[in-house]
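# Structural overview
The chain contents come next:
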Amino acid sequence: MFFRIAISLVLVTSLLASGAALAAAKVYVSGLDRTIIVYDQQTGIEEAIIATNGNAPSDLFVHPSGDYLFATTYTGSNLGYKIVKIDIAQNIQIEEAVLTTSGPHVHGTTYSPIGDKVYFFQIPSSSTPPSPVYVFDLNSMTLDSEIPMDFDVQSLTISPNGEQLVVMGTDGTLRVIDTTTSQVVVEGNLGSGTEIQAMHPSGNTLYVNRQDNFHPVDTTTLELFPSIGDSAFLQAVVSEEYLFIDRLNTVDVINVGDYSLLGTIDLTQFGWIWARTMAFDSNAQKLSAVGTNYNIIESDLVIINIPTLTVENIAPTTRFPMDVAIKPDTVDLTLQVQGVDATTVQCSNNTTGQVVHITPQSTENTWNCEAHGLLVQPGDQVDINVIGTAQ
C-alpha cells in the first residue's frame, strides 16, 4: 500500500509526527498441540508460538483490522467448543467464549468478512430436528441469534460484503439468506451430496463439490456450470485471479477468467500425500500450505510464489496441522503528533472520496483513522491532516 500523510498545523513551533508504519505479512498455522505458530511470510522464519485454551485450534480468522486472530477450540465431549480471541501484536490469547456446551460437533464455521459475526451449525442425530445456523457476535463474544433450517445443513459460506449467507443442505438445497433480515433471497437444488467449497471475491460465483467434481455456480440464478477438470479433488481455495484445487498429490493452479490450467504444484516433492490446508495472499501472490504424509510423523509449511511457481520457503511446523491463515502486509494508519494541541483530525481516502473527522480529546496525541471508520484497500491514497496550536 502507498499512503501520503499531509499535516496542516497552526502556529507550530515544535512538532514530531509519525504514521503509516508497514507491518509485515504473517502466516499462522494451528495444530493438535493447542498452539498456533506464527511465521514471517517473507522469510519463513518462526517468530512465535501462541498457546490456546482448548484442543486443536482451527477455523482461523484474521480480523480485517489486523489486530486480532480468532480460532475455535474443542474442549471435550462434555464441554463442547469455545472461540478464542488472540491479540496479534502480543501473540497471546486475551478472551474466550463458549460456542456450545455439548452435543454434536461444530461444523461450517464461517466468519463474516466484516469481522462482526461468525456462523456455524451442528450435525444432528437421526432422531433430532435439523440444526439451525447459529450466529455468534464477535464484538460482544456472545451467541447472538439462530436462523431456523427445515433441512439438515451440510456446509456454509458468506458473500464478500457479508450481506448474504449461502447454506447448502444434505438434500442438495442451496439457500441464499439475507444476513440482516434472515430472509431467503433465492433457493434452488443442486442434488444430494453437493458441498460448498468457496466463493469468488466478486461474490458472483460459488464453487461446489458435486459427485467429486468441481463446479462453478452462478450466485444470482444458482445455475450449475460444467465441472472444471475431470478428476476428483479434496479442497479448493479461490482468489481474484486464481483457483487452487487440491487433487491429491498435486494442486492445480487455474485462471478464474477462462478456467485454463496455469500450472501444477507437485505435493510429493514435500513428502505429502495431500495438502492439509491452504491460504493465499493476493497482495504478495503467495500460497501458504501445510500437508501431511501417510505416517503423519512431521509436517512443513511451504510458501510458494504463484506467478513463478517457485518454492520460496519451507519451514517445519506442528505434527498434525489443523488450519492456516494469513495476515497480509498492512499499513497502520495511526498518526502520532507531539508539540501541538490538536483541535481537528481529518482522515481522507483520496481514492474513494471517504472522509472521516475525529474530534480529539484534550489529552490525545495519537489517532487511528481505520479505528474511526476509514476504509482502505491496497493502492489507496490517504491524507491525514491535523490542525491545532503549538504547545
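## Observations regarding the overall build of the protein chain
A count of helices and strands for the protein chain gives 0 helices and 35 strands. In the protein chain, which comprises 391 residues, the proportion classed as buried is 49%. Sequence separation of at least 24 residues holds for 44% of the intrachain contacts in the protein chain that already meet a minimum separation of 6.

## Regarding the state of the cysteines
Evaluated as defined, the whole model comprises 1 disulfide. The partner cysteine of C347 in its disulfide is C369, sulfur to sulfur 2.1 Å. Looking along the S-S bond of the C347-C369 disulfide, the torsion reads about -70°, which is the left-handed sense. One end of the pair, C347, is in strand 32 (residues 340–349); the other, C369, is in the loop between strand 34 (366–368) and strand 35 (382–390), and 22 residues separate them in sequence. In this pair, the class of C347 matches that of C369, namely buried.

## A closer look at the pattern of salt bridges
Per the stated rule, a full pass over the model turns up 9 salt bridges. We note a salt bridge from E47 to K26, for which the minimum N-O separation is 2.7 Å. Taken together, the positions of E47 in strand 5 (residues 46–51) and K26 in strand 3 (residues 26–31) put the pair 21 residues apart, joining distant regions of the chain. On the basis of relative accessibility, which here comes to 17%, the residue K26 falls in the buried class. Of the charged contacts, one joins R247 and D252 as a salt bridge, the two residues approaching to 2.7 Å between their closest N and O atoms. The burial state of R247 is the same as that of D252; both residues are buried. Among the charged side chains, a network of salt bridges with common partners joins K26, D40 and E47.

## Describing the sheet that holds strand 12 (residues 133–137)
If you walk across this open sheet you meet the 4 strands as 10-11-12-13, and the pairing is antiparallel. Sheet topology places strand 10 (106–111) and strand 13 (142–147) at the edges, where each strand pairs with a single neighbour. Averaged over neighbouring strand pairs, the angle between their axes works out to 25° when direction is ignored.

## With respect to the nonpolar core
Counting 17 residues, the largest nonpolar core has F244, I265, L267, M278, F280, L287 and I306 as its most contacted members. Counting residues per element, the ones that place at least two in this core are strand 22 (242–246), strand 23 (250–255), strand 25 (274–281), strand 26 (286–292) and strand 27 (299–305). When residues in this core are grouped by element, the largest group, 3 residues, is from strand 25. Residues in contact with L287, not counting those within four places in the same chain, are F244, I265, M278, A279, F280, V302, I303, I304 and I306. Among the nonpolar cores identified, the runner-up in size contains 15 residues, and V337, V345, C347 and W367 belong to it.

## Concerning the confidence of the model for the protein chain
Here the protein chain averages 86 in pLDDT, and 89% of its residues register 70 or above. Of all helices and strands in the protein chain, the one with the weakest mean pLDDT is strand 1 (residues 16–18) (45), whereas strand 16 (residues 173–178) scores best (97). Note on residues 1–21: pLDDT is under 50 here. Beyond four places in sequence and across chains, it has 71 contacts.

## With respect to the pairing of strand 24 (residues 261–266)
In this sheet, strand 24 lies alongside strand 23 in antiparallel orientation, the contact comprising 5 bridges. Within strand 24, the position partnered with V253 by the bridge is G263. Remark: 5 residues form the turn of the hairpin made by strand 23 and strand 24, two consecutive strands paired antiparallel; Y259 in that turn has positive phi of roughly 60°.

## Quick look at the sheet that holds strand 22
Spatially, 21-22-23-24 is the arrangement adopted by the 4 strands of the open sheet, whose pairing is antiparallel. In the strand order of this sheet, the two ends are held by strand 21 (235–238) and strand 24, each with one partner. Here the strands of the sheet are splayed against their neighbours by 20° on average, with no regard to which way each runs.

## Observations regarding unusual backbone geometry
The backbone phi angle of M141 is positive, close to 55°, even though this residue is not glycine. With respect to the secondary-structure elements, M141 resides in the loop between strand 12 and strand 13. A residue is classified by how much of its surface remains accessible, and M141, at 6% relative accessible area, is buried.

## Things to note about the side chain of S30
Its place among the elements puts S30 in strand 3. Within the structure, the side chain of S30 is placed 2.6 Å from the backbone oxygen of P57, a separation counted as a polar contact. Once residues lying within four places of it in the same chain are set aside, the contact partners of S30 are T35, I36, P57, S58, L60, T318, F320, P321, M322 and D323.

## So, the pairing of strand 9 (residues 92–100)
Note on strand geometry: in a regular strand, side chains alternate between the two faces of the sheet. Bridge analysis of strand 8 (residues 81–87) against strand 9 gives 7 bridges, and the strand direction is antiparallel. Within strand 9, the position partnered with Y81 by the bridge is T100. What sits between strand 8 and strand 9 in their antiparallel hairpin is a turn of 4 residues, with N91 showing a positive phi close to 55°.

Conventions adopted
Residues numbered from 1 in each chain as written. Predicted model: local features only at pLDDT ≥ 70, side-chain atom pairs only at ≥ 80, totals over all residues. Heavy atoms only, no water. Helix = DSSP H or I, 4+ residues; strand = E, 2+ residues; numbered from the N terminus. Buried < 20%, exposed > 50% of the residue type's maximum accessible area, 1.4 Å probe, protein only. Contact = heavy atoms within 4.5 Å. Disulfide = S-S within 2.5 Å. Salt bridge = Lys/Arg side-chain N within 4 Å of Asp/Glu carboxyl O. Pairing = 2+ DSSP bridges. Axes fitted to C-alpha atoms, helices over the stretch in contact; angles between N-to-C directions. Core = buried A, V, L, I, M, F, W, Y, C linked by side-chain atoms within 4.5 Å. pLDDT = per-residue confidence, 0-100. Polar contact = N/O pair within 3.5 Å; in protein donor to acceptor, adjacent residues only side chain to side chain.

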